[in-house]
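Spelled out, the chains give:
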Amino acid sequence: MAVKQEEINFSRNEQSETTMLPGSFAKAMRTNVIWQFIRFVAINLKMLIVVSKSH
Amino acid sequence: MARVVILGGGVSGHTAATFAAKWLGNSHEVVVVTPNAKWNWIPSNIWVGVGQMSKEEVTFDLDPVYKKAGITYKQAKAVSLNPEGSETETKPFVTIEYTGQGKEGTSEDVTYDYVINATGPKLNFGATPGLGEGSQLGEHTVSVCTADHAEHANHKLLESIEKMKKGERQKFLVGTGHGMCTCQGAAFEYIFNIEHELKKAGVRDMADIKWISNESFLGDFGMGGLHMKVGGYVVSSKIFSESLYTERGVDWMIGAHVSKVEAGSIDYELLDGTTGKENFDFAMLIPPFAGVGLKAYAKDGSDITGTVFAPNGFMKVDAKYDAGAYENWKASDWPRTYQNPTYNNMFACGIAFAPPHIISKPMSSPNGTPINPTPPRTGMPSGIIGKAVAHSVCDLMTKGESAKLHEASMAEMGAACVASAGKGLTTGTAAAMTVYPVVPDFEKYPGTGRDTDYTFGEIGLAGHWIKHILHHLFIYKAQLKPGWTLIPE
Ligand SMILES: Cc1cc2nc3c(=O)[nH]c(=O)nc-3n(C[C@H](O)[C@H](O)[C@H](O)COP(=O)(O)OP(=O)(O)OC[C@H]3O[C@@H](n4cnc5c(N)ncnc54)[C@H](O)[C@@H]3O)c2cc1C
């Protein structure tokens, strides 16, 4: 069976062997406009709270 | 009528000056001394460095903005401070040297009632042989620290892309150019923008990309790393960063002090004492930062620079500079009011204040070379501190010397960092990170030193959109367009 595309980089070198890599679902969600819009609202709210706690 | 003089019209000084002008109105004078004719939204220089934005898109002329705000603008650099005046001048004053407005090279003494030092960093390229001379960038590497540097970096990047298109492999080296650098975040953002652009140009397979940095672990960012919420887990920024670098096929070398730069190669020393050479075709190495080299003189003309400034050239403020060893460091060592302990009409904000110590764990090689990041003072803290200092000074001017000073400790404020690759609204991705507080407080947050509800990171389009919005919002705010005060720092 061929190496899955998202797992290729584990074998780049010793440094890369022990890390974690996103699978195809996690990657797809990064550019899924609906999910990212939800995250956009969530991140903005969190950032606003951080800003208000900082002043 | 009293006068506040603000030295430096960057992120922190511009915030301080514009709020001071708004709060003081016509009853007092606000003077800005800054050598640049244009304001630069520095975070967007990264996009200039990969040709996604022009220099004009990240800068604007200061003169009309200061005219509109009623601020007296002197396009000049501060050279020295006389906080006690001199034998011929009873008031404290700052000596400036013009860099524009048709008065280039002429000097002037500007008296003040209050002074705010917001002169930011000297880009100390000269600290590493071959990286540059003094604050001038050398010929072997590029930088993204100013809009001009970023434009030059983009030209060099395009040259490399052309070579790759002709079948010539290129090695990219990006990171820090000295063992005592800060600003890893900027280099981090730049390396992933390069990676993104190379992919877009169809030449990614012809490029070897490597990160080199003085961090003892990937993801230290000068903050001793951070633990953040990612996908329901609380994870170290080391894991987050190693994952991102591996995913994008970027190699890394950490704990590295760049000791020499030559055409096409650098010499380095690692934390374990080993030394080596690394070749490159394109290198963007951030220089270490120092104070801009202001001098201070007493009334009798004697040199008191060492009283007012720390040895690294940054201004001493109300920090605990004698905290001693790492084990004794506390969040409360960090300054709250940014008032100079000797002269209470002097304040410093942004990068110009001397931090009490670094945030990351101090490290050095067996040869005694210190290799650790110095503390970042990013845009959000620089803006918040600038505003707090302006508030204090305005209260002192309007309510008298007993007015309570405003406080803004980096151990009680957060920072947002969005490292965004690409510019397209659906094609780019960004790592959006928020850290609260910037300086960890292990007494308040015994687990990780930070509040993990507000210290988080994630990769995706959302962060990318935020970066776009921030670019436009901050330039809008800095131009004092309607509603500017509603936009937070
Ligand atoms: C490439 C890059 C990307 C970055 N990205 C981010 C980011 O995404 N998010 C973030 O939060 N932060 C980012 N930062 C950090 C941010 O730019 C700084 O925190 C911020 O600019 C610091 O503000 P400051 O006012 O202290 O210094 P500066 O903004 O550098 O301003 C200092 C000012 O003082 C002037 N000056 C210098 N010498 C003198 C003198 N002798 N007399 C008078 N004036 C003088 C300078 O010309 C300048 O106008 C980035 C930095 C870089 C280099």
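That block above? That's the structure.
Rules of the game
Residues numbered from 1 in each chain as written. Chains lettered and ligands numbered in written order. Predicted model: local features only at pLDDT ≥ 70, side-chain atom pairs only at ≥ 80, totals over all residues. Heavy atoms only, no water. Helix = DSSP H or I, 4+ residues; strand = E, 2+ residues; numbered from the N terminus. Rg over C-alpha atoms; globule rule 2.2 N^0.38 Å. Buried < 20%, exposed > 50% of the residue type's maximum accessible area, 1.4 Å probe, protein only. Areas by Shrake-Rupley, 256 points an atom, 1.4 Å probe, with all protein chains shown as cover. Lys, Arg positive; Asp, Glu negative; His and termini not counted. Charge placed at Lys NZ, Arg CZ, Asp CG, Glu CD. Contact = heavy atoms within 4.5 Å. Buried area = accessible area lost by both parts, 1.4 Å probe. Salt bridge = Lys/Arg side-chain N within 4 Å of Asp/Glu carboxyl O. Polar contact = N/O pair within 3.5 Å; in protein donor to acceptor, adjacent residues only side chain to side chain. Nonpolar A, V, L, I, M, F, W, Y, C, P; charged D, E, K, R; others polar.

A. Representation of the overall build of chain B in the model. When you go through chain B residue by residue, the secondary structure sums to 10 helices and 27 strands. Taken over C-alpha atoms, the radius of gyration comes to 22 Å for chain B, in line with the 23 Å a tight globule of 489 residues would show. By its C-alpha atoms, chain B is 65 × 50 × 45 Å across when sized along the principal axes. For chain B, buried positions account for 61% of its 489 residues. Counting only carbon and sulfur atoms, one obtains 52% of the accessible surface of chain B, whose full area is about 18,100 Å². Side chains of chain B give 43 positive and 52 negative charges; the mean places of these two sets differ by 4 Å.

B. Seen up close, the interface of chain B and chain A. Each side of the interface is counted separately: chain B has 39 residues, and chain A has 27 residues. Taking both partners together, chain B and chain A bury about 3,000 Å²; carbon and sulfur atoms supply 65% of that area. The largest contributions to the chain B side of the interface with chain A come from Thr246(B), Glu247(B) and Tyr454(B), which together make up 19% of the buried area. Ionic pairing is found between Asp251(B) and Arg12(A), a salt bridge with its closest N-O pair at 2.7 Å. At the junction of chain B with chain A, the criterion picks out 15 residue pairs in polar contact (both at pLDDT 80 or more). At the level of elements, helix H7 (237-247), strand S17 (251-253), helix H9 (379-399), strand S25 (415-421), strand S26 (429-435), strand S27 (456-460) and helix H10 (461-478) of chain B are the ones that each hand at least two residues to the side of chain B that touches chain A. Split into classes, the residues belonging to the side of chain B that touches chain A amount to 21 nonpolar, 8 polar and 10 charged.

C. The pattern of salt bridges, seen in detail. Taken as a whole and assessed by the stated rule, the structure comprises 31 salt bridges over all chains. Two residues, Asp451(B) and Lys53(A), come together in a salt bridge whose shortest N-O distance is 4.0 Å. On the criterion of chain membership, the pair formed by Asp451(B) in the loop between S26 and S27 and Lys53(A) in helix H3 (residues 33-54) is interchain, its members lying in two chains. Here Glu189(B) and Lys467(B) are joined by a salt bridge, their closest N and O atoms 3.1 Å apart. In this pair, Glu189(B) sits in helix H6 (residues 184-200) while Lys467(B) sits in helix H10, placing the two residues 278 residues apart along the sequence. For the residue pair Glu189(B) and Lys467(B), the accessibility class agrees, reading buried in each case. Here the residues in one salt-bridge network are Lys260(B), Glu262(B), Asp267(B) and Lys277(B), joined through shared partners.

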